[in-house]
Protein chains: 2
Amino acid sequence: MSEDRLSRVFAALADPTRRDLVARLSAADATVGELAAPYDVSLQAVSKHLKVLEDAGLVSRESRRAPVRLEAEVFDLMTKWIERYQQQAEERYQRLDALLAEMQEDRPARETAREEDAS
Amino acid sequence: MSEDRLSRVFAALADPTRRDLVARLSAADATVGELAAPYDVSLQAVSKHLKVLEDAGLVSRESRRAPVRLEAEVFDLMTKWIERYQQQAEERYQRLDALLAEMQEDRPARETAREEDAS
DNA sequence: AAGTTACTCAACCAGACGGTTGACAACTCG
DNA sequence: CGAGTTGTCAACCGTCTGGTTGAGTAACTT
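As the structure is a prediction and not an experimental result, all values here were calculated from the model. Sequence order as written defines the numbering, with residues in each chain counted from 1. Whichever chain is written first becomes A and whichever ligand is written first becomes 1, with later ones labelled in order. Two thresholds apply to this predicted model, a pLDDT of at least 70 for residue-level local features and 80 or more for giving and counting side-chain atom pairs, whereas whole-chain, interface and lining totals are computed over all residues. Only hydrogens and water are set aside when side-chain values are computed; all heavy atoms of the structure are taken into account.

Trainee: Could you give an account of the pattern of salt bridges, naming the residues involved and the relevant values?
Mentor: When a carboxyl oxygen of Asp or Glu lies within 4 Å of a side-chain nitrogen of Lys or Arg, that pair is called a salt bridge. Under the counting rule described, the total for this entry stands at ten salt bridges over all chains. Arg61 of chain A is the partner of Glu54 of chain A in a salt bridge, and the nearest nitrogen-oxygen pair spans 3.7 Å. Given the relative accessible area of 35%, Glu54 of chain A is considered partly exposed. Between Arg69 of chain B and Glu71 of chain B there is a salt bridge; the shortest N-O distance is 3.8 Å. Working definition: with a 1.4 Å probe on protein chains only, accessible area under 20% of the residue-type maximum means buried, over 50% means exposed, and in between means partly exposed. Looking at Arg69 of chain B, the relative accessible area reads 32%, which means it is partly exposed. Exposure remark for Glu71 of chain B: the relative accessible area of 17% places this residue in the buried category.

Here is the structure:
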């Protein structure tokens, strides 16, 4: 289910530490130890964070001590989801604006038919 | 802190029900009851979901029974974050590809004499 | 082979999360 | 006014999450 994947991706990025990890990995691959160094949490905690990112498909590694690498393709999944509804919403607002503009053209004193108005 | 806001937005969208609410609201505003109808969870649960979306700034309402409206601008926040690191990562991969291609041009047998380059 | 380094697994804990039910607040309407 | 509708608040429950520490595993170094 791709739906589930999207949930994991969003959940993974909901944590500031994990977003920071992604940000740093976008600049350069790095090992777990290197990644953990700047934070004042334990290495195990960072290792867990990386597992979450890995399960979401945002990150990969060839072996245990190999540098962690960002999988940038996953971003497309999010971007697509976002863009779809963003566009849809914006189009709707544009239609609303158009409607309001159209109503504006009519005389304010004698506007066109609300519900209480007999037709 | 805008950082915190981003966390709330991502966390809000990590839940499939909430993503579905956003999807439906992108098509049309709707009241809480209307929104709750299709799901087989209680109205209270949906009310809670809407509160999460509202706290994340994804959704707004003028009064209690007023239709819920999608705030599409928040999407920009996410899109910006994503694009930044996506681009950065892609550029890095391109540089890596270029480097690999360059290394490929040199004879494997001969050593690293790279002087005939004339671009 | 032994020792060190780098990382993960396991158990545990406090707090957040998604859901429930029940009570209540607020608006609409006869 | 009183009654019904609509939505929220509060308390509770089981599960997930982010953190800890301690032990174990895998891989380099000597």
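What follows continues from the structure just given.
Trainee: Which residues make up the relation of the copies chain B and chain A, and what values do they have?
Mentor: In this comparison the copies share one frame, found by least squares on the C-alpha atoms of residues holding pLDDT of at least 70 in both. If you rotate chain B by 180° and push it 0.0 Å along the axis, it lands on chain A with an RMSD of 0.0 Å. The two molecules are tied by a two-fold rotation axis, judged by turn and shift. In this description, contact between two residues means that some pair of their heavy atoms is separated by no more than 4.5 Å. Both copies share a contact surface, since 97% of the interface residues of chain B are interface residues in chain A too.

Trainee: Help me get a handle on helix α2 (residues 16–27) of chain B, residues and values and all.
Mentor: Residues and elements named next belong to chain B. Its twelve residues give α2 an end-to-end C-alpha distance of 17 Å, which sits within 8% of 16 Å, the value for a rise of 1.5 Å per residue. Secondary structure elements follow DSSP: runs of H or I no shorter than four residues count as helices, runs of E no shorter than two count as strands, and numbering proceeds from the N terminus. Listed as buried for α2 are Arg18, Arg19, Leu21, Val22, Ala23, Leu25 and Ser26. Here a polar contact is taken to be a pair of N or O atoms separated by no more than 3.5 Å, where protein atoms must pair a possible hydrogen donor with a possible acceptor and residues adjacent in sequence count only if both atoms sit in side chains. One side-chain oxygen at the N-terminal end of α2 lies 2.8 Å from the backbone nitrogen of Thr17; it belongs to Asp15. Each helix should span, by expectation, one fewer than its residue count multiplied by 1.5 Å.

Trainee: Could you give me a rundown of the interface of chain B and chain A, with the residues and numbers involved?
Mentor: Facing the 32 residues of chain B at the interface are 31 residues of chain A. Taken over both partners, the interface formed by chain B and chain A buries close to 2,900 Å², and the fraction arising from carbon and sulfur atoms is 59%. One can count two salt bridges joining chain B with chain A. One salt bridge connects Arg92 of chain A with Asp29 of chain B, and the closest N-O pair in it is separated by 2.9 Å. Counting across the chain B and chain A interface gives 14 residue pairs in polar contact (both at pLDDT 80 or more). Of all the elements, helix α5 (residues 74–105) of chain B adds the most residues to the side of chain B that touches chain A, at twelve residues. Residue polarity follows a fixed list, in which Ala, Val, Leu, Ile, Met, Phe, Trp, Tyr, Cys and Pro are nonpolar, Asp, Glu, Lys and Arg are charged, and the others, Gly among them, are polar. In the side of chain B that touches chain A, the residues fall into 20 nonpolar, five polar and seven charged. Here the quantity called buried area is the total loss of accessible area, with a 1.4 Å probe, experienced by two parts when brought into contact, counted for both.

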